[in-house]
Structure formats: C-alpha cells, structure tokens
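Residues per chain, in single letters:
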Amino acid sequence: MKMLITGGAGFIGSNFIFYMRKAHPDYDLVCIDKLTYAGNLETLASVMDDPKFHFIRADIADRSEMDRIFAEEKPDVVVNFAAESHVDRSIENPAVFLETNVMGTQVLLDVSRKYGVARYHQVSTDEVYGDLPLDRPDLFFTEETPLHTSSPYSASKASADLLCNAYHRTYGMPITISRCSNNYGPYQFPEKLIPLMIANTLADKPLPVYGEGLNVRDWLYVEDHCAAIDLILEKGRVGQVYNIGGHNEMRNIDIVKIILKALDKPESLITYVTDRKGHDMRYAIDPAKIHRELGWLPATKFADGIPKTIRWYLDNRSWWENIINGEYQNYYERMYANR
Ligand code: NAD
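For clarity, every value in this text was computed on a predicted model and none was experimentally measured.

A. Representation of the pairing of strand E6 (residues 175-180) in the model. The element E6 is largely enclosed, with a buried count of six among its six residues. Along E6, one buried face is formed by Ile175, Ile177 and Arg179 and the opposite face, lined by Thr176, Ser178 and Cys180, is buried too. Across six bridges, strand E5 (residues 119-125) lies against E6 in parallel orientation. Along E6, the bridge assignment pairs Ser124 with Arg179.

B. A look at unusual backbone geometry. Its identity as a non-glycine residue notwithstanding, Asp204 has a phi of 55°, on the positive side. Examined against the element boundaries, Asp204 turns out to sit in the loop between helix H6 (193-202) and strand E8 (207-210). Classification of Asp204 by relative accessible area gives partly exposed; the value is 46%. A positive phi is found at His247, a non-glycine position, where the angle reads about 50°. Along the chain, His247 falls in the loop between strand E11 (241-244) and strand E12 (249-251).

C. Representation of the sheet that holds strand E2 (residues 28-33). Taken in spatial order, the seven strands make up an open sheet running E3-E2-E1-E4-E5-E6-E11, and their pairing is parallel. The outermost strands of the open sheet, each flanked by one partner alone, are strand E3 (53-57) and E11. Strand-to-strand twist of the sheet, defined as the mean angle between neighbouring strand axes without regard to direction, takes the value 20°.

D. Focus on the UniProt feature "domain: NAD(P)-binding" (unreviewed entry) in the protein chain. Taking the numbering used here, the UniProt-annotated feature "domain: NAD(P)-binding" (unreviewed entry) corresponds to residues 4-308. Its end C-alpha atoms 29 Å apart, residues 4-308 is made of 39% helix and 17% strand.

E. View of helix H12 (residues 328-336). Looking at H12, one finds that the buried residues are Tyr328, Tyr331, Tyr332, Met335 and Tyr336. Buried residues of H12, seen end-on, are gathered within an arc of 100° and therefore sit on one face of the element. At the exit of H12 stands Asn338, carrying a positive phi of roughly 60°.

F. Expanded view of the nonpolar core. Counting 62 residues, the largest nonpolar core has Met3, Phe16, Ile17, Leu44 and Val79 as its most contacted members. Counting 30 residues, the second largest nonpolar core, distinct from the first, contains Leu4, Met66, Tyr129 and Tyr167.

G. A look at the site of the ligand. Around the ligand, 28 residues are found, and the nearest of them are Ile12, Asp33, Ser85, Tyr153 and Lys157. Residue Thr36 places a main-chain N or O atom 3.0 Å away from an oxygen atom belonging to the ligand. In isolation the ligand exposes 830 Å². Once the protein is present, 97% of that is buried. If you list the elements that add at least two residues to the shell around the ligand, you get helix H1 (11-23), E5 and helix H5 (152-171). In terms of residue count, E5 provides more of the shell around the ligand than any other element does, three residues in total.

H. Structural detail: the side chain of Asp88. Mapped onto the elements of the fold, Asp88 is located in helix H3 (residues 87-92). Within the structure, the side chain of Asp88 is placed 2.6 Å from the side chain of Tyr210, a separation counted as a polar contact.

I. Representation of the state of the cysteines in the model. Tallied over the entire structure, the rule returns zero disulfides. Cys31 takes part in no disulfide bond, and the closest cysteine sulfur, belonging to Cys226, lies 13 Å away. Judged by relative accessible area, Cys31 falls into the buried class, the value being 0%. Among the cysteines around Cys180, which has no disulfide bond, Cys226 carries the closest sulfur, lying 9.1 Å off. Under the relative-accessibility criterion, Cys180 is labelled buried at 3%.

J. Structural context of the packing of aromatic side chains. Under the counting rule described, the total for this entry stands at 20 aromatic pairs. With a centroid separation of 6.4 Å and an interplanar angle of 85°, the aromatic rings of Phe97 and Tyr153 are classed as edge-to-face. With a gap of 56 residues between them, Phe97 in helix H4 (residues 95-114) and Tyr153 in helix H5 connect regions that are remote in the sequence. Across the ring face of Tyr171, the terminal group of Arg113 is positioned such that the distance to the ring centre comes to 3.6 Å.

K. Examining the packing of helix H8 (residues 252-262) against helix H10 (residues 302-315) more closely. With their axes 11 Å apart at the nearest point, H8 and H10 run at an angle of 60° to one another. It follows from the interaxial angle that H8 and H10 lie oblique. Considering the relative orientation of H8 and H10, their crossing is right-handed. Only Phe302, Ile306 and Ile310 of H10 make contact with H8, whose side of the interface consists of Ile255, Ile258, Ile259 and Ala262.

Calculation criteria
- Residues numbered from 1 in each chain as written.
- Predicted model: local features only at pLDDT ≥ 70, side-chain atom pairs only at ≥ 80, totals over all residues.
- Heavy atoms only, no water.
- Buried < 20%, exposed > 50% of the residue type's maximum accessible area, 1.4 Å probe, protein only.
- Helix = DSSP H or I, 4+ residues; strand = E, 2+ residues; numbered from the N terminus.
- Pairing = 2+ DSSP bridges.
- Axes fitted to C-alpha atoms, helices over the stretch in contact; angles between N-to-C directions.
- UniProt positions renumbered as here; feature names shortened; annotations may be inferred.
- Arc of directions from axis to C-beta.
- Core = buried A, V, L, I, M, F, W, Y, C linked by side-chain atoms within 4.5 Å.
- Near = heavy atom within 4 Å.
- Polar contact = N/O pair within 3.5 Å; in protein donor to acceptor, adjacent residues only side chain to side chain.
- Areas by Shrake-Rupley, 256 points an atom, 1.4 Å probe, with all protein chains shown as cover.
- Disulfide = S-S within 2.5 Å.
- Phe/Tyr/Trp six-rings, centres within 6.5 Å; stacked < 30°, edge-to-face > 60°.
- Lys NZ or Arg CZ within 6 Å of the ring centre and 35° of its normal.
- Parallel < 35°, antiparallel > 145°, perpendicular 65-115°, else oblique.
- Left-handed = near helix turned anticlockwise from the far one by under 90°.
- Contact = heavy atoms within 4.5 Å.

Below, the structure written as structure tokens:
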C-alpha cells in the first residue's frame, strides 16, 4: 500500500504521518508539500531517514509536476491535507486560497483519476457549514446541513468539496470527504488560537482576543482527527461525507483563561481587539454518523489534551521560536498592531 499525503509538513498532515507510521508500519508514505510559510521540514525530521517515507517538495496546483509524481509514485491512496488554512490570511489575500484549495484540489482529482487511485480522501472543515447562533445550543452541523460559507477560506474549502462530489458523481471516482472541527495539539503553527496564546503567555505579551471572546469552537485533539481519517479510509463508504468532532464546545475566552491558569499568568494579559470581519459565532459538529457507521469516538478529553499540548510547546520552544522570530513577525505586526 502506497499512500500519498499532501500538506504533510503542516500541522495535521505531519501528525497524520506520525499516526500512520505507528498504525500501519507496512505502508509506504509519500509526502508532497510546497513548504509555504506554514510548512516546516523540521517537523518531519524524525521520519526523513525512514526508508518507507519519501518527501517531495511540490505544489499541488502544478499540473505537470503532479502528473510526473503520480506517474512515478503510482499511489494507491491520496489524502489531501494541503491547503491555505488560516481565515485571517484569506481575508487579507483570497487569491492564493483559490489557487491552492480549489485549483490544487482539481489538479489532484484529475491526476488521481488518470492514474486510477483506489481512494481519494479530501480533508475538509466544519467551516463549510457557516455558523450557528449562540442562543440555539440545540443546533449542530450534520452532513446534510447546507454549505453556507462566511470567509474566503471556507468558500474555497466548500468549493473543493463540491468538486469532489462532482468527480464522484460524474466519473464514479472513489472519493470520501471528512469535515472536522477545530484541531489542537503539537506542531500547530503559532498564528492559530491555542499556540498563539501559549507563545504570548510564555513571553508575557498581550493576548489578542477578538471581539469579546465569545465565539464558540468545537475542539478536537489532532490525533483523534488522524484516527478518524484512518477509519474512513479503511471502512468509510465511498461518495460519503463524514463529520468529525467530539462535542467539546468552548468559548475562545475560556480557552485563553485555561492557558493562563495552566501557566500561572494573570488574566490582565488579555487584550480585546477589533473583531475579525465576518467572524463566525459558533461551530458545533454532530458526529453521530461516523460514530454509528465506523464506531469512531474521540479518545482524548480536552482536560488531558490541553495540558499535553502546553507541555509540548514548553518542551519544543525552538520549533516555534524559530517561526515567530522570522517572517511571521511582519504578519503579527500587520494583524495586531493598532487593532
Ligand atoms: P497547515 O496550514 O498547518 O498546513 C498546510 C500544509 O499545506 C503546509 O505544510 C503547507 O506548506 C502545505 N501547502 C499549502 N499550499 C500547498 C500547495 N499549493 N501545494 C502543496 N502543499 C501546500 O494546515 P492544517 O491546520 O494542518 O490543516 C490541514 C488541512 O486540514 C487543511 O486542508 C485544512 O483545511 C483542514 N482542517 C484543518 C483544521 C484545523 O483546525 N487546523 C480543522 C479541519 C480541517
């Protein structure tokens, strides 16, 4: 079995590679990554010398390069994590989100079809459903919830999902899609809420919280997401969408306070900043289908996952300090100065 994993130098893709190495040591894994600002080869250092792992730097939207790689590697399965993934950056510059998330997915679908892969899996997000009101805690996203996107990021991910559906319906391609809630865990790029707050807390810097911090996200430990994708690849029904989430809704402000408490720092570090444009209020996944059909349940409670994650950032300071001391500083200034 040869599995081609795109975006494997990013947060979830790298965790998926580590997960698959343990769960299926017999698989050959090929990772394609463009190494954008969010991709980091240092993350993959522990598998680089593994004879059953192969890294190729390439852009999924580069058709001739993908054709060449697929012809040479002949993967049995493709799992597409590669994406521009940060909502704030999509508000600043939507074009690259369409290039990678939409056109890149189309290229991967075309070459997967041409070389007859046995399964194409698209890693998607609950953000394609838009948001839910805060005063309706009874409402959840199911796989039947209409797509109703708010940001250029979510619009690009929804477009990719629609293309996947179309390629399944039109060409009979063996496609599955998963839509997961917010992930947290090791190797997450420091622009995202949890690592951003950990890094700033450790540096005694202000913690920029959007609006009043009341937005609700449904947090899942990254390894649980990886296990769910593995299960979908093994037992999921082709042509189906599976929502992934652990019924772990938390307000942003409460996450920030948990991090401050864990690191024994004062809440006076919290600074409320102008809200994100079009900010979704609440995401909440109904994971009944994946539980019922595939028996998936999250293994990590937030109460265990968050201290484990904080510990990881404490033990791996050089990994994220290298990032925040580089080009990222310009982005941070643009985002949070004068806000
Ligand atoms: P990330 O930004 O950490 O990693 C993305 C990776 O894709 C990086 O290594 C980057 O270099 C690579 N990449 C970007 N453009 C590329 C291109 N054109 N060609 C090849 N590689 C390219 O993102 P993440 O948080 O790990 O998310 C991975 C996937 O999971 C994305 O598709 C995202 O939409 C989805 N997702 C993320 C979350 C979350 O909470 N982070 C939740 C649900 C779904």
